[in-house]
Amino acid sequence: MSIFIFINGPNGVGKSTVCKTIHQRLSHSAWLESEWCRNTNPFTWNEEIVSLTINNITQMLRGYLLCPWLEYVLFPYGFHGPRQQIWQIVKNNLQDVPHTFAPVTLTCEEEEHIARMIRDGRDQARIQRALDTRHIYNALPYPKIDMTNLSVEQTADLVIKIVQGVI
């Protein structure tokens, strides 16, 4: 049975970067980016794309979680726009798939968050959207890691320890 490592946090906090490091460290792992499941040109959140995204994420996660060779499935995800509703549907769609759900929320101080997004080249509108969703993550009942003063490697180490039940 796979361990489903669900890394959530505001857009631009470092979820994908941390997942890349964890994926490199954990043998028998798979890493799915939600962007890969909705990469269209032009991109828009219309009914067809929302449906396509739900289907793609569900099918990819289902395939990874059911693969007996895989021990870990990594999925970074942020709850902006319609993504909260999409996640609830995907999560419900996976209820029949045996797995251990291991969620971790990544956060950092607002100043650091802004600096990270600027370094990534995100425009002001995208930065503001990310800042507007920061409050969502405070209410989640998942273990949280404040990565303000942590390196990517230190954050990945903490995630792995949480997932493996060490802390």
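The written sequence of each chain sets the order in which its residues are numbered from 1. Thresholds applied to this predicted model are a pLDDT of at least 70 for local features of residues and 80 or more for the giving and counting of side-chain atom pairs; totals over whole chains, interfaces and linings are not thresholded and use all residues. As a convention, hydrogens and water are excluded, and side-chain values are obtained from all of the structure's heavy atoms.

> Help me understand the packing of helix 4 (residues 110-119) against helix 5 (residues 124-132) in this model?
For any two helices packed against each other, one specifies the inter-axial angle together with the distance between the axes. Note on definitions: angles span 0 to 180 degrees between N-to-C directions of axes, and those axes are lines fitted to C-alpha atoms, for helices only across the stretch in contact. The helix and strand labels rest on DSSP assignments: H or I over at least four residues marks a helix, E over at least two residues marks a strand, and numbering proceeds from the N terminus. Running from N to C, helix 4 and helix 5 cross one another at 150°; their axes reach a closest spacing of 10 Å. In this view, helix 4 runs roughly antiparallel relative to helix 5, as classed from their interaxial angle. At the point where helix 4 passes helix 5, the crossing takes the right-handed sense. In this structure, helix 4 contributes E110, H113, I114, M117 and I118 to the contact, and helix 5 contributes I127, A130 and L131. Any residue that is not Ala, Val, Leu, Ile, Met, Phe, Trp, Tyr, Cys, Pro, Asp, Glu, Lys or Arg is counted as polar, Gly included; the first ten are nonpolar and the last four charged. Looking at the contact of helix 4 with helix 5 residue by residue, the classes come out as six nonpolar, one polar and one charged. These descriptions rest on fixed angle ranges, namely under 35 degrees for roughly parallel, over 145 for roughly antiparallel, 65 to 115 for roughly perpendicular, and the rest for oblique. Two helices cross in a left-handed way if the nearer one is turned anticlockwise from the farther one by less than a right angle. They cross in a right-handed way if the turn is clockwise. For this analysis, residues touch if any pair of their heavy atoms sits within 4.5 Å.

> What am I meant to see in the sheet that holds strand 3 (residues 72-77) here?
In a beta sheet, neighbouring strands pair by backbone hydrogen bonds and run either parallel or antiparallel. By the convention used here, strands pair only if DSSP detects at least 2 bridges between them. One open sheet holds the five strands; their spatial order is 2-3-1-4-5, and the pairing between them is parallel. The open sheet terminates on both sides in strands that have one partner only, identified here as strand 2 (29-31) and strand 5 (144-146). Each neighbouring strand pair of the sheet contributes to a mean axis angle of 20°, computed without reference to strand direction. Bridging between strand 4 (residues 99-107) and strand 5 involves three bridges; their strand directions are parallel. Directly across from L106, in strand 5, lies its bridge partner I145. Here helix 1 (residues 15-25) sits on the sheet and contacts strand 1 (2-8), strand 2, strand 3 and strand 4; the angle it forms with strand 3, its principal contact strand, is near 170°. Across the sheet, helix 3 (residues 83-93) is in contact with strand 1, strand 3 and strand 4; its angle to strand 3 comes to roughly 155°.

> What is the right way to read the packing of aromatic side chains from this model?
Here the distance between the centres and the angle between the planes together describe a pair of aromatic rings. A pair of Phe, Tyr and Trp rings is counted when the ring centres sit within 6.5 Å of each other, with Trp represented by its six-membered ring. The angle between the planes then sorts it: under 30 degrees is stacked, over 60 is edge-to-face, the rest tilted. Counted under the stated rule, the structure contains 19 aromatic pairs. Arranged with centres 4.2 Å apart and planes meeting at 15°, the rings of F6 and W87 form a pair that is stacked. Taken together, the residues F6 in strand 1 and W87 in helix 3 connect sequence positions 81 residues apart. An identical accessibility class is assigned to F6 and W87; each is buried. Each residue is placed in one exposure class: buried if its accessible area under a 1.4 Å probe, protein chains only, is under 20% of its type's maximum, exposed if it is over 50%, and partly exposed if it falls in between.

> It is not clear to me how unusual backbone geometry should be interpreted in this structure. Could you clarify?
Working note: non-glycine residues mostly have negative phi, and peptide bonds are mostly trans. Cis peptide bonds are those with omega within 30 degrees of zero, and the linkage from N41 to P42 qualifies with 0°. As for its position among the elements, P42 is in the loop between strand 2 and helix 2 (47-66). Located in the positive-phi region is H28, a residue other than glycine, with phi close to 60°. By the element assignment, H28 lies in the loop between helix 1 and strand 2.

> Would you mind going over the pattern of salt bridges with me for this structure?
Any two side chains of opposite charge can pair if their charged atoms end up close together. The salt bridge criterion pairs a side-chain nitrogen of Lys or Arg with a carboxyl oxygen of Asp or Glu, the two atoms within 4 Å. Summed over all chains, the structure comprises six salt bridges. For the salt bridge of D157 with R25, the shortest nitrogen-to-oxygen distance reads 2.2 Å. With D157 in helix 7 (residues 152-163) and R25 in helix 1, the pair connects residues that are 132 residues apart, well separated along the chain. The partner of R122 in a salt bridge is D120, and the shortest N-O contact between them spans 3.3 Å. Three or more residues joined by partner-sharing salt bridges are found here, namely E112, R116 and R119.

> What's the story with the side chain of H113 in this structure? I'm lost.
By the element assignment, H113 lies in helix 4. Overall, H113 belongs to the buried group, its relative accessible area being 0%. Look past the residues within four positions of H113 in its chain and what remains in contact with it is P10, N11, G12, V13, C108, A130, L131 and R134.

> Explain helix 7 to me, please; I cannot follow it from the model alone.
Residues that lie three or four places apart on an α-helix share one face, since the helix turns once every 3.6 residues. The end-to-end C-alpha distance of helix 7, which contains 12 residues, comes to 16 Å, matching closely the 16 Å that a straight helix rising 1.5 Å per residue would cover. What helix 7 keeps buried is the set T155, A156, V159, I160, I162 and V163. The arc that holds every buried residue of helix 7, seen down its axis, measures 160°, which confines them to one face. Lining the buried residues of helix 7 we find strand 1, helix 1, strand 3, strand 4 and strand 5. Residue G165 follows helix 7 closely and has a positive phi angle near 75°. Here the expected span of a helix is defined as 1.5 Å times the quantity of residues minus one. Read the arc as the range of directions from the helix axis to the C-beta atoms.

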